[in-house]
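# Descriptive analysis of the structure
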Amino acid sequence: MVCVLQGYHAIIYPSDYAYMLCEDPTQVTFNFIVVGGGSAGATVAARLSEIPEWKVLLLEAGSDPPEQTENPLLWNFNLRTKCDWTFFSEKNPLLFKGMEHERCIISRGLVLGGSSSINAMIHLRGTVEDFRQWKNKYGCYGWDYEDVLPYFKKSEDFVDLSRFDPEIHSVGGMLTVTPLTTFDPAYSVIAEAEQSIHLVEMNDFNRKEPVIGYGNFDSTTRNGRRCSTLKAFLMPASNRPNLYVAKNTIVTKIIIVDGVAVGVEFKCSSGEIKSVFCTNEVVLCAGPIKSPQLLMLSGIGPREHLNEHGIHCINDLPVGLNLQDHMSIPALVFTDRKCRPIEDIKKESSDLLKKEMSLFSKNISTLGLSKLMTFYKSNDDLVYPDLQIIKFRVPLNATNSFPNRINLFTNMFGYSKEVTNVYDELNLLSDIIVMAPIILQPLSTGRIKLKSVNPLDDPSIILDYLTHEEEIETLLKGIEFVVKLSKTKSIIDAGLVLEELKLPNCADYVWKTRDYWICVIQNLAAPFYHVASGCRMGPEDDPCTVVNPKLRVKGVIGLRLIDSSIMPKIVSANTNAATIMLAEKGSDIIKECYGVEEKDFSVLSILEDDVSKRSNFKQTLKRYIFLK
Ligand SMILES: Cc1cc2nc3c(=O)[nH]c(=O)nc-3n(C[C@H](O)[C@H](O)[C@H](O)COP(=O)(O)OP(=O)(O)OC[C@H]3O[C@@H](n4cnc5c(N)ncnc54)[C@H](O)[C@@H]3O)c2cc1C
């Protein structure tokens, strides 16, 4: 067990089973192997291990999170560190022109808790309409809003009882959900500006009714600290004798014999590749980039593509297609350089920072100005918002003060030196406030492909985003909204000025014109960390889907996929809460399937023949060993 002391808080991480596993992977007969201990995997492993008779092995490529992951205000300090996979996209003919090597950075947690250990802790579930569509448009029976709400509630320990509505919230769940605090004076200025353009204040973004307005969102924090799925689910379960957690263990392949997933191959820290088997199921939770890659390496994916790499195709499924994300445009930058000496600006900036930082030691949750969220619709005919506007403050001259010595905007969005220079220049004069419109309902998709058959290589990530004219128009409406905000009395009175970003690549365009903003989109539009949907869930007979509504990978017995990659369509919000919901419901589906928990999943046929087929486990295993 590893114990980190932080002030009064002792964090006890799960013991590491990796050494024992690598010594002898047959020592224990596991019932379930969970691949990846992220938002979904840590939840699934904890939930399955509630059944004492089941031996559950969780294999995670990363290790315990470093101490800096605890402080919400410093969430972006974790990017591009050893707990980030730091993937890069392929080049795109239209986008990413302002990024290093014209490739877009894709951060993902490489650590227990996965991306929930490095994310920004924004806790939003998505809209009622999202889940209606999952069912009605994408055929995911059992996944309508009424079906998923109990699982959002099951996880939740909602701290702010003054806003508690029992219809949508609950207390006593594993995941602590807390409102945020801030001392940032810009909060009330922007709130007033939004009011003046007829937006209303929302007191709960997770309510059932559509939310168009601004307000404070809830966060996955507990006592001022991050509440990842590691902390919420895995740590409380880690004393169970039937739960085994192997860290720094990279799964390299799912072993499938005669159409049955019997175990996985994995890489020990010594470099050796070993195999471990399970009697019931392999549950793949490696996240939206690595899950598709692992499926393809294991023979499940588009036949033609697998053949290109000499991989025998076990089942021809559209793995890696339909990739989605929320594109953002963090290019609306305000400074606060009222006529006053730089010394005064310096003092104000550092006083505010100190005050915000002091909240951590008082166990109070803060994300600074980011607490102020806006949901907006680009046209009046819409019922639900199609734009989210995130705000964040960068203290004076702080863009280059990151521990990994990489510029803040390179860390967060992958911007090139030519671009970060432009932000830096503004940041030398004053704090900067960035407002980033984000499109919530993308139309265009990307794709994950194999670069090679080496599981340690990153896959090829093709982001063909913003190819629909409507998406550009929506982003432009988001930009227009912020420009409008910049002209309100409260913003002007407060001395907040929307600055021109003098991007070298857009020098030919006049600031604030449509052509200028399109150039900005081509240079700076970046996905907002929500990559999902590369292995869509849907009806068994729909050729566009990879898993059925019971989360079984089609055509393979004993293999489920439970993580953000199965969202049939990305939710119109940040994706962590919906991923945890998928894991909660997915765990119950598994329990139900084995008859260990009674739940009404009337739309799903229960106890299908997979279980009995899977009981030939010993025979299948013998055959695998024989074939090897
Ligand atoms: C920087 C950042 C900020 C974000 N901010 C927010 C936010 O504020 N709010 C929000 O709702 N969402 C946010 N998100 C998105 C959200 O965190 C993710 O959608 C969610 O965590 C996805 O969960 P997952 O289980 O699909 O994948 P992950 O949580 O990424 O888990 C996958 C796990 O599998 C492990 N793994 C991968 N391959 C292997 C292998 N071969 N062998 C063993 N283990 C493996 C990984 O190391 C990882 O632990 C953010 C994401 C990032 C990266």
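Residues numbered from 1 in each chain as written. Predicted model: local features only at pLDDT ≥ 70, side-chain atom pairs only at ≥ 80, totals over all residues. Heavy atoms only, no water.

### Some thoughts on empty space enclosed by the protein
For the structure shown, the criterion picks out six cavities of 30 Å³ or more. One number sums up the size of the largest cavity: a volume of about 120 Å³. As for the largest cavity, its lining consists of 17 residues, of which Gly 126, Thr 127, Phe 205, Val 211 and Ser 572 are closest to the centre. Residue composition of the lining of the largest cavity, by class: nine nonpolar, four polar and four charged. Volume-wise, the second largest cavity comes out at about 90 Å³. Surrounding the second largest cavity, 14 residues form its lining, Ile 105, Ile 106, Asp 325, Pro 527 and Tyr 529 being those nearest its centre. Broken down by secondary-structure element, the contributors of at least two residues to the lining of the second largest cavity are β6 (105-106), α10 (408-413) and β29 (526-527). (1 Å grid on protein atoms, 1.4 Å probe; cavity = no way out; pocket = protein on both sides within 12 Å on 5 of 7 lines; lining within 4 Å. Points joined across faces, edges and corners; volume = space filled by probe spheres on them. Nonpolar A, V, L, I, M, F, W, Y, C, P; charged D, E, K, R; others polar. Helix = DSSP H or I, 4+ residues; strand = E, 2+ residues; numbered from the N terminus.)

### Considering the domain arrangement of the chain
Note on interface size: it is often stated as the accessible area lost on association of the parts. Partitioning the chain into domains gives domain 1 (7-65 + 111-176 + 226-320 + 451-458 + 531-627) and domain 2 (181-216 + 327-441 + 467-524). Contacts between the two partners involve 20 residues from domain 1 and, on the opposite side, 15 residues from domain 2. When domain 1 packs against domain 2, the two sides together hide about 1500 Å² of surface, and 56% of this comes from carbon and sulfur. Here domain 1 and domain 2 share one salt bridge between them. Among the salt bridges present, the one from Lys 208 reaches Glu 167, with a minimum N-O distance of 2.5 Å. Our count for the contact surface shared by domain 1 and domain 2 stands at seven residue pairs in polar contact (both at pLDDT 80 or more). Only β7 (122-123), α3 (128-136) and α4 (145-155) provide two or more residues apiece to the side of domain 1 that touches domain 2. The class makeup of the residues in the side of domain 1 that touches domain 2 is nine nonpolar, six polar and five charged. (Domains from an automatic or database assignment. Contact = heavy atoms within 4.5 Å. Buried area = accessible area lost by both parts, 1.4 Å probe. Salt bridge = Lys/Arg side-chain N within 4 Å of Asp/Glu carboxyl O. Polar contact = N/O pair within 3.5 Å; in protein donor to acceptor, adjacent residues only side chain to side chain.)

### Considerations on the site of the ligand
The environment of the ligand is formed by 41 residues, the closest being Ser 39, Glu 60, Ser 564, Thr 575 and Asn 576. Interatomic distance of 3.1 Å between a backbone N/O atom of Ala 61 and a nitrogen atom of the ligand. Asn 119 has a polar side-chain atom sitting 3.1 Å from an oxygen atom of the ligand. Calculation on the ligand without its partners gives an accessible area of 1000 Å², and the protein chains cover 99% of this total. Counting only elements with at least two residues in the shell around the ligand, the list comes to α2 (39-48), β16 (250-257), α7 (287-297) and α15 (576-593). Of all the elements, α7 adds the most residues to the shell around the ligand, at four residues. Each residue belonging to the shell around the ligand can be placed in one class, and the counts come to 19 nonpolar, 18 polar and four charged. (Near = heavy atom within 4 Å. Areas by Shrake-Rupley, 256 points an atom, 1.4 Å probe, with all protein chains shown as cover.)

### Some thoughts on the UniProt feature "binding site: FAD" (unreviewed entry) in the chain
UniProt annotation of "binding site: FAD" (unreviewed entry) refers to Val 111 and Val 251 when read in the numbering used here. These annotated residues cover 141 residues of sequence, and their C-alpha atoms all fall within 14.0 Å of one another, placing them together at a single site. Within the element layout of this structure, Val 111 appears in the loop between β6 and β7. Setting aside chain neighbours within four positions, we find Val 111 in contact with Gly 37, Glu 60, Gly 62, Ser 63, Asp 64, Pro 65, Cys 83, Ser 117 and Ile 118. Among the secondary structure elements, Val 251 is positioned in strand β16. Take Val 251: its relative accessible area is 7%, and that puts it in the buried class. (UniProt positions renumbered as here; feature names shortened; annotations may be inferred. Buried < 20%, exposed > 50% of the residue type's maximum accessible area, 1.4 Å probe, protein only.)

### Considering the packing of α2 against helix α6 (residues 229-237)
One way to put it is that α2 packs onto α6 with a least axis distance of 8 Å and a crossing angle of 25°. Judged by the angle between their axes, α2 and α6 are roughly parallel. Here α2 runs over α6; the crossing is left-handed. Seen from α2, the contacting residues are Ser 39, Ala 42, Thr 43, Ala 45, Ala 46 and Arg 47; seen from α6, they are Thr 229, Leu 230, Phe 233, Leu 234 and Ala 237. For the contact of α2 with α6, the class distribution of residues is seven nonpolar, three polar and one charged. (Axes fitted to C-alpha atoms, helices over the stretch in contact; angles between N-to-C directions. Parallel < 35°, antiparallel > 145°, perpendicular 65-115°, else oblique. Left-handed = near helix turned anticlockwise from the far one by under 90°.)

### Some thoughts on the sheet that holds strand β8 (residues 156-158)
Strands sit in the order β7-β12-β9-β8 across an open sheet of four strands; the sheet is mixed. Either end of the sheet is taken by a strand with one partner, and the two such strands are β7 and β8. One ladder, built from three bridges, connects β8 with strand β9 (residues 175-179); its direction is parallel. Bridge pairing in β9 places Glu 156 opposite Leu 175. Relative to the sheet, α4 contacts β8 and β9, its axis offset from that of β8 by approximately 65°. (Pairing = 2+ DSSP bridges.)

### Comments concerning α15
Each full turn of the α-helix corresponds to 3.6 residues, which orients residues three or four apart in the same direction. The first and last C-alpha atoms of α15 sit 25 Å apart over 18 residues, in line with the 26 Å expected at 1.5 Å per residue. Looking one or two residues past α15, Gly 595 carries a phi angle of roughly 70°, positive in sign. (Expected span 1.5 Å × (residues − 1).)

### Some words on the packing of aromatic side chains
Summed over the entire model, instances satisfying the criterion amount to 23 aromatic pairs. Here Tyr 376 and Phe 481 contribute two aromatic rings whose centre-to-centre distance is 4.3 Å and whose plane-to-plane angle is 40°, an arrangement assigned as tilted. Linking Tyr 376 in strand β23 (residues 372-376) with Phe 481 in helix α12 (residues 469-486), this pair joins segments that are 105 residues apart in sequence. For the pair Tyr 376 and Phe 481, one class covers both residues: buried. With a centroid separation of 6.4 Å and an interplanar angle of 35°, the aromatic rings of Phe 392 and Phe 409 are classed as tilted. With a gap of 17 residues between them, Phe 392 in strand β24 (residues 387-394) and Phe 409 in helix α10 connect regions that are remote in the sequence. One aromatic cluster in this structure is built from Trp 75, Phe 392, Phe 409, Phe 413, Tyr 415, Tyr 423, Phe 528 and Tyr 529. (Phe/Tyr/Trp six-rings, centres within 6.5 Å; stacked < 30°, edge-to-face > 60°.)

### Thoughts on the layout of surface pockets
Considered as a void within the structure, the second largest pocket measures approximately 450 Å³ in volume. Leu 382, Asp 386, Gln 441, Leu 443 and Lys 569 are, among the 25 residues lining the second largest pocket, the residues nearest its centre. When residues of the lining of the second largest pocket are traced back to their parent elements, those giving at least two are α3 and α12. The class makeup of the residues in the lining of the second largest pocket is nine nonpolar, seven polar and nine charged.

### A closer look at the pairing of strand β4 (residues 56-59)
When a strand is regular, its side chains alternate between the sheet's two faces. Residues Val 56 and Leu 58 of β4 are buried on one face, and the alternating residues Leu 57 and Leu 59, pointing to the opposite face, are buried as well. The pairing of strand β3 (residues 30-35) with β4 spans four bridges and is parallel. Counted as the bridge partner of Ile 33 is Leu 57 from β4. Each parallel crossover has a hand, and for β3 linked through α2 to β4 it is right-handed. Here four bridges tie β4 to strand β15 (residues 243-246), and the two strands are oriented parallel to one another. Looking at the pairing, Leu 57 lines up with Tyr 244 of β15. (Right-handed = clockwise from strand over helix to strand, strands pointing away.)

### Observations concerning α6
Counting buried positions along α6 yields eight of nine residues, so the element is predominantly enclosed. When we look at burial in α6, the residues that qualify are Thr 229, Leu 230, Lys 231, Ala 232, Phe 233, Leu 234, Met 235 and Ala 237. Between a side-chain oxygen at the N-terminus of α6 and the backbone nitrogen of Leu 230 the separation is 3.3 Å; the capping residue is Ser 228.

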